[in-house]
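Listed below are the residues making up each chain.
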Amino acid sequence: MSYLKLENLSSRIDEFLLDNINLEINKNEYFVLLGQSGSGKTRLLETIAGLNNCTGSLYYKGKNISNEASEKRDIGFVYQDFALFPNLNVEDNIKFSSKYKKIENKHELFNDIVGFLKLKNLLNRETKDLSGGEKQRVAIARALYSRPKILLLDEPLSAIDPTFRNSIMKSLKDIHKRYDLTTIHVTHNFREASYLADKIAIIMDGKIQQIGKAEEVLNNPENISVAEFLGFKNIFPTSLLKLDSKKEFFSVDPNVIKVSKSDDIQADYVFEASLEECMGIVDHYKLFVNIKEHQFFIKILKRDYDGCYANAKSIIKIGFDKKDISYI
């Protein structure tokens, strides 16, 4: 039985529709919702938390909680802007949930959270005097103090200086394990998703496009929309390979394509191509070459070549191997 199950969940606000969402999340799973701004990520978190009207069903450990009030759902929510209470200091922000629910072993829990998140010296500070990283830790501490079974994180690293992101990502993993949580983390950042996620769901325009283990989703997109969102380049029909495949399209990384001015190229697939443009960028060249109506983008290191690779409209050979092909 899944720990959290969303069944045909839909929610509309103005013209935007969160459309027929079906997800199953296991206990202690770190689940990442990956999508662009406006795709419905935050709307879905809010709906899980019970903050939006919706149709469909939401099950927690097999129990339908679709109509339960948000404060009864054992869910902690950390918003992108942290949503700290400006009239309360740090300690009172952390302890806020004790105003509406009984917190077991609250003194021990408070001391553990404060120690783990290194907040002891901030307890009497006003929230307006905190840095972005300090506000984030306080917001997480407040969510943890309510003893949630499920922790919802809305773009938790968006306001953090990039130089601290690696340490913050490790902290999120440590928090997830230490407090026995099931975490749902929203982001548009592939690196975050790759490092943190046990499982990923790609959401676009209010619909789930693909779900699976992190490595599988990030390396094997199910359709062109997902592939383009994930930054895949050189997406072409498999007919170009003269290959009988159930997959309609393939992609190949610009960095693994071989190029040659002569016929000495060794690769599983070799094509004659017309060079459209060669651009020198710091330590590499960007090549745009045409094969029939298809244009390939290729990156080659400058150290391997003397001067720009070839003149525009030159005929060159390009090639790549079967192992470097991703089918879509």
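Only a predicted model underlies this, so the values are computations on that prediction, with no experimental measurement involved. (Residues numbered from 1 in each chain as written. Predicted model: local features only at pLDDT ≥ 70, side-chain atom pairs only at ≥ 80, totals over all residues. Heavy atoms only, no water.)

**Q** I tried to follow the layout of surface pockets on my own but got confused; where do I start?
**A** Empty space among the atoms becomes visible once a probe the size of a water molecule is rolled across them. Size it by volume and the largest pocket reaches roughly 510 Å³. Lining the largest pocket are 20 residues, with I75, G76, F77, Y100 and R142 positioned closest to its centre. For the lining of the largest pocket, the secondary-structure elements that each account for two or more residues are β6 (75–78) and α4 (132–145). Residue contributions to the lining of the largest pocket peak at three residues, all from β6. (1 Å grid on protein atoms, 1.4 Å probe; cavity = no way out; pocket = protein on both sides within 12 Å on 5 of 7 lines; lining within 4 Å. Points joined across faces, edges and corners; volume = space filled by probe spheres on them. Helix = DSSP H or I, 4+ residues; strand = E, 2+ residues; numbered from the N terminus.)

**Q** Explanation requested: the sheet that holds strand β12 (residues 249–252) in the structure shown.
**A** Pairing between sheet strands relies on hydrogen bonds along the backbone, with the strands arranged either parallel or antiparallel. The antiparallel open sheet is built from three strands, whose spatial order is β11-β12-β18. Bordering the open sheet on either side are β11 (235–237) and β18 (325–327), each of which pairs with just one other strand. Direction aside, the axes of adjacent strands within the sheet are offset by 35° on average. Where β12 and β18 come together, three bridges link them in antiparallel fashion. In the sheet register, F250 faces β18, and the bridge partner there is Y327. (Pairing = 2+ DSSP bridges. Axes fitted to C-alpha atoms, helices over the stretch in contact; angles between N-to-C directions.)

**Q** Got a minute to help me understand the packing of helix α3 (residues 106–116) against α4 in this structure?
**A** What describes two packed helices is the angle between their axes and the distance between those same axes. Contact geometry of α3 with α4 gives a least axis separation of 10 Å together with a crossing angle of 155°. Judged by the inter-axis angle, α3 sits roughly antiparallel to α4. Here the hand of the crossing between α3 and α4 comes out right-handed. Within the contact between the two elements, α3 uses K106, L109, F110 and I113 and α4 uses A141, L144 and Y145. The residue makeup of the contact of α3 with α4, split by class, is six nonpolar, no polar and one charged. (Parallel < 35°, antiparallel > 145°, perpendicular 65-115°, else oblique. Left-handed = near helix turned anticlockwise from the far one by under 90°. Contact = heavy atoms within 4.5 Å. Nonpolar A, V, L, I, M, F, W, Y, C, P; charged D, E, K, R; others polar.)

**Q** Help me understand unusual backbone geometry, please; the structure alone is not making it clear to me.
**A** Glycine aside, a negative phi is what most residues show, and trans is what most peptide bonds show. The backbone phi angle of K118 is positive, close to 55°, even though this residue is not glycine. For K118, a relative accessible area of 65% translates into the label exposed. The residue D180 is not glycine, and still its phi comes out positive at about 50°. Here D180 is to be found in the loop between α5 (165–178) and β8 (182–187). Accessibility expressed as a relative area gives 43% for D180, which makes it partly exposed. (Buried < 20%, exposed > 50% of the residue type's maximum accessible area, 1.4 Å probe, protein only.)

**Q** I tried to follow the packing of aromatic side chains on my own but got confused; where do I start?
**A** Each aromatic ring pair is described using two quantities: the centre-to-centre distance and the angle formed by the ring planes. Enumeration according to the criterion identifies 14 aromatic pairs in this entry. Ring plane angle 40° and centroid distance 4.4 Å describe the contact between F85 and F96, whose orientation is recorded as tilted. Of this pair, F85 sits in the loop between β6 and α2 (90–94) while F96 is found in the loop between α2 and α3, placing the two residues eleven residues apart along the sequence. With centroids separated by 5.9 Å and ring planes inclined at 35°, the aromatic side chains of Y269 and F320 adopt a geometry described as tilted. With a gap of 51 residues between them, Y269 in strand β14 (residues 269–281) and F320 in strand β17 (residues 315–320) connect regions that are remote in the sequence. An aromatic cluster is present here, built from F236, F250, Y269, F271, F296 and F320 joined pairwise through their rings. Its guanidinium or amino end placed over the ring of F110, K95 lies 4.5 Å from that ring's centre, counting from NZ or CZ. (Phe/Tyr/Trp six-rings, centres within 6.5 Å; stacked < 30°, edge-to-face > 60°. Lys NZ or Arg CZ within 6 Å of the ring centre and 35° of its normal.)

**Q** Please clarify how the sheet that holds strand β3 (residues 30–34) should be interpreted in this entry.
**A** Spatial ordering of the open sheet is given by β6-β7-β8-β3-β9-β10, a layout of six strands whose pairing is mixed. Edge positions in the open sheet fall to β6 and β10 (207–213), since each of these has one partner strand only. Adjacent strand axes in the sheet meet at a mean angle of 15° when their direction is disregarded. Here strand β7 (residues 150–154) runs beside β8; their pairing, made up of five bridges, is parallel. Across the sheet, L153 pairs through a bridge with H185, a residue of β8. Most of the contacts of helix α1 (residues 41–49) go to β7, to which it runs at about 155°, and overall it touches β3, β6, β7, β8 and β9 (199–204). Against the sheet, α5 makes contact with β3, β7 and β8, and its axis sits at roughly 155° relative to β8, the strand it touches most.

**Q** Would you explain the nonpolar core in this entry?
**A** The biggest cluster of nonpolar side chains holds 50 residues, and the ones touching the most others in it are L34, I94, I200 and I202. Element by element, the count of residues in this core is highest for α4, at seven residues. (Core = buried A, V, L, I, M, F, W, Y, C linked by side-chain atoms within 4.5 Å.)

**Q** What am I meant to see in the pairing of β8 here?
**A** Side-chain direction in a regular strand flips from residue to residue, so the side chains alternate between the two faces of the sheet. Of all six residues in β8, six are buried; the element is thus mostly enclosed. Where burial is concerned, the two faces of β8 agree: the one with T182, I184 and V186 and the one with T183, H185 and T187 are both buried. Both β3 and β8 contribute to a ladder of five bridges, which runs parallel. Each bridged residue has a counterpart across the sheet, and for V32 the counterpart in β8 is H185.

**Q** Help me understand the pairing of β9, please; the structure alone is not making it clear to me.
**A** For β9, the tally of buried residues reaches six of six residues, placing the bulk of the element in the interior. Along β9, one buried face is formed by K199, A201 and I203 and the opposite face, lined by I200, I202 and M204, is buried too. In this sheet, β9 lies alongside β3 in parallel orientation, the contact comprising four bridges. Residue pairing in the sheet places F31 in a bridge with K199 of β9. Bridging between β9 and β10 involves six bridges; their strand directions are antiparallel. Each residue of the ladder has a partner; that of I203, found in β10, is I208. Turn length for the β9-β10 hairpin, with the two strands adjacent in sequence and antiparallel, is two residues, and the turn residue D205 shows positive phi of about 50°.

From the geometry alone we can't say anything about function, so treat these as descriptive.
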